[in-house]
Amino acid sequence: MLIPDLTKETYNLILYVWIGIAIITFIALLNITAPYGRHTKKSWGPQISNRLGWIIMELPVLVVLWYFVASSIDRQTPITWCMIGLFSFHYINRIFIFPFRLRTKGKKMPLAITGSAVLFNLMNGFGLGYYFYAFADYPASWWYDPRFITGIILFVAGVVINWKSDTYLIGLRKPNETHYVMPSSPLFKYVSCPNLAGELLEWFGYALLCWNLPAWTFFIWTAANLVPRALSHHRWYKARFGEYPKERKAIIPYLI
Ligand code: NDP
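The rules behind these values
- Residues numbered from 1 in each chain as written.
- Predicted model: local features only at pLDDT ≥ 70, side-chain atom pairs only at ≥ 80, totals over all residues.
- Heavy atoms only, no water.
- Core = buried A, V, L, I, M, F, W, Y, C linked by side-chain atoms within 4.5 Å.
- Buried < 20%, exposed > 50% of the residue type's maximum accessible area, 1.4 Å probe, protein only.
- Helix = DSSP H or I, 4+ residues; strand = E, 2+ residues; numbered from the N terminus.
- Axes fitted to C-alpha atoms, helices over the stretch in contact; angles between N-to-C directions.
- Parallel < 35°, antiparallel > 145°, perpendicular 65-115°, else oblique.
- Left-handed = near helix turned anticlockwise from the far one by under 90°.
- Contact = heavy atoms within 4.5 Å.
- Nonpolar A, V, L, I, M, F, W, Y, C, P; charged D, E, K, R; others polar.
- Near = heavy atom within 4 Å.
- Polar contact = N/O pair within 3.5 Å; in protein donor to acceptor, adjacent residues only side chain to side chain.
- Phe/Tyr/Trp six-rings, centres within 6.5 Å; stacked < 30°, edge-to-face > 60°.
- Lys NZ or Arg CZ within 6 Å of the ring centre and 35° of its normal.

Participant: I would appreciate a short explanation of the nonpolar core in the present structure.
Facilitator: In terms of nonpolar packing, the biggest core is built from 53 residues, with Met-83, Phe-87, Phe-132 and Tyr-206 touching the most fellow members. Elements represented by at least two residues in this core include exactly helix H1 (8-31), helix H2 (50-70), helix H3 (78-101), helix H4 (111-135), helix H5 (146-170), helix H6 (194-210) and helix H7 (213-240). Counting residues per element, this core draws most heavily on H7, at nine residues. Ala-34, Phe-98, Met-109 and Ile-113 belong to the second largest nonpolar core, which has 12 residues in total.

The structure is reproduced here in structure tokens:
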């Protein structure tokens, strides 16, 4: 298969540049709200269906990751299989289940958003995939390492919070409805976006359990996307619902 032969130095340099782009993106997203979901806008050019947009946006990361994994089956160990499995588990939901659960009748997203997310996900797939293909080298004792154990616990907690809150939000509408309701479940007591908070926790746990540069890079990118998105959602809720709870933060209880 066609895979470049990168030295660890070159590979790391690519990821450091990618982290630099994440920081620039974070600053940009604090000022420009990405126009999809409740923030969708027609002024961003051609649009596609929201559901299809989600599938196209998220599919590349799994395809690229598995391209590298399929090229290095012999190199993988039970520990790397566990890491690859956890990542794939999240994205199987995000690509093949989540878009079909959305009550998103008639909603569209700009192709520009889909396209930029595809690039983002191609790069993330490369970062992790190439690492498992070329560099991953964990001792068998990694199963008992406190970073691995804590990371797994946080990852699972993040998945549960993310799924439960996405499920609650999706259930606020009946099929074919398009309106918004003020969330009042206990999950939303401290933050407006427990689903985004859960996802952030999940990838923090993943970076901890993998303890490698691409997983931390992925976490930094996730934060660069999710923190500004949560702030935009939070501002939107406060503007829309006059009686919005004052103590509720955007994504991190008591802080942000
Ligand atoms: P939202 O919370 O905006 O929306 C989730 C779903 O619930 C949508 O179908 C939305 O409808 C609906 N919904 C949300 N709030 C309400 C409400 N108050 N009343 C009625 N329906 C509501 O989530 P995001 O679009 O921001 O994110 C969706 C998922 O994708 C999350 O799990 C998030 O963690 C993940 N994500 C991951 C990113 C990453 O970089 N890893 C980036 C962005 C999201 P509608 O679409 O019509 O608004």
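Participant: In this structure, what is going on with the packing of H1 against H4? I would like to understand it.
Facilitator: If you want to describe how two helices pack, look at the angle between their axes and the distance between the axes. Where H1 meets H4, the axes come as close as 12 Å, and the angle between the chain directions of the two elements is 155 degrees. The angle between H1 and H4 falls in the class roughly antiparallel. The crossing of H1 and H4 is left-handed. Facing Lys-8, Tyr-11, Ile-14, Leu-15 and Trp-18 of H1, the residues of H4 in contact are Phe-120, Met-123, Asn-124, Phe-126, Gly-127, Tyr-130, Tyr-131 and Phe-135. Looking at the contact of H1 with H4 residue by residue, the class counts come to 10 nonpolar, two polar and one charged.

Participant: How should I be thinking about the site of the ligand in this particular structure?
Facilitator: Among the 24 residues in the neighbourhood of the ligand, the closest are listed as Asp-166, Tyr-180, Val-181, Glu-199 and Arg-229. For the ligand, a nitrogen atom lies 2.7 Å from a polar atom in the backbone of Val-181. Between Tyr-237 and the ligand, the recorded distance is 3.1 Å, taken from a side-chain N or O atom to a nitrogen atom. Those elements that place two or more of their residues in the shell around the ligand are H3, H5, H6 and H7. In terms of residue count, the dominant contributor to the shell around the ligand is H7 (five residues). In terms of residue class, the shell around the ligand is built from 11 nonpolar, six polar and seven charged.

Participant: In this structure, what is going on with the packing of aromatic side chains? I would like to understand it.
Facilitator: Any aromatic ring pair is given by two values, namely how distant the centres are and how the planes are angled relative to each other. Within this structure, the stated rule accounts for 40 aromatic pairs. Through pairs of rings, three or more aromatic residues link up here, namely Tyr-11, Tyr-67, Phe-68, Phe-126, Tyr-130, Tyr-131, Phe-132, Tyr-133 and Phe-135. The cationic tip of Lys-8 hangs over the ring face of Phe-135; the distance from NZ or CZ to the ring centre is 5.5 Å. Seen from the ring of Tyr-180, Arg-173 lies directly overhead, with NZ or CZ sitting 4.7 Å from the centre.

So yeah, pure geometry; function would need other evidence.
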